[in-house]
Amino acid sequence: AFETMAAQREGCYPRVNGEMIQSQQYNGAIVSIVGKLVTVDTLQASDGTSVSVDTSQIEGGLINNPDMVVEIIGQVADATNITGFVVRELSVDTDLDLYNQFLALQHSPTYAQYFPQAAVGISNS
């Protein structure tokens, strides 16, 4: 489980999908989530799960372009909500299925040696 934001290494944001947010192990953590905006405050994550985005901290809010894949860096509030801080447009042809497969590998104990910070998102220091 994710410990506290204070234990989170600065600049190290676990990459997660909607199912990982629903697990609530990232509550309070700053994370990176990738997907498509289906409304001005709802992201369809790479795994197809809907996540509500509080846009009050994002200057100008979110622009709803349903074809654009975006990355949102923000703090997980609970099982279905994230407070967004930064939004980055990635592309219209990002393969979300492939990205989600990457997340599964990155969070797998089998490959933890290759992604030591990503798997837990906390500093070892």
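Before reading further, recall that the structure is shown in the block above.
Residues numbered from 1 in each chain as written. Predicted model: local features only at pLDDT ≥ 70, side-chain atom pairs only at ≥ 80, totals over all residues. Heavy atoms only, no water.

Engineer: Go over the pattern of salt bridges, please, and point to the residues and values.
Structural biologist: A side chain with one charge may pair with a side chain of the opposite charge, provided their charged atoms come close. Counted under the stated rule, the structure contains 2 salt bridges. Across the pair Glu71 and Arg15 runs a salt bridge, and its minimum N-O distance is 3.6 Å. Here the residue Glu71 occupies a position in strand S5 (residues 69-78), and Arg15 occupies one in strand S1 (residues 15-16), the gap between them amounting to 56 residues. Between Glu71 and Arg88 there is a salt bridge, with its nearest N and O atoms 3.0 Å apart. Of this pair, Glu71 sits in strand S5 while Arg88 sits in strand S6 (residues 81-91), and the two are 17 residues apart along the sequence. Of the residues examined, Glu71 reaches a relative accessible area of 10% and is grouped as buried. The network of salt bridges with shared partners includes Arg15, Glu71 and Arg88. (Salt bridge = Lys/Arg side-chain N within 4 Å of Asp/Glu carboxyl O. Helix = DSSP H or I, 4+ residues; strand = E, 2+ residues; numbered from the N terminus. Buried < 20%, exposed > 50% of the residue type's maximum accessible area, 1.4 Å probe, protein only.)

Engineer: Tell me about the environment of Gln44, and please be specific about residues and values.
Structural biologist: One can find Gln44 in strand S3 (residues 42-45). Exposure remark for Gln44: the relative accessible area of 34% places this residue in the partly exposed category. Between the C-alpha atom of Gln44 and that of Val69, which follows or precedes it by 25 residues, the distance is 9.6 Å. Each residue touching Gln44, except ones within four places of it in the same chain, is listed here: Val34, Gly35, Lys36, Val38 and Thr49. (Contact = heavy atoms within 4.5 Å.)

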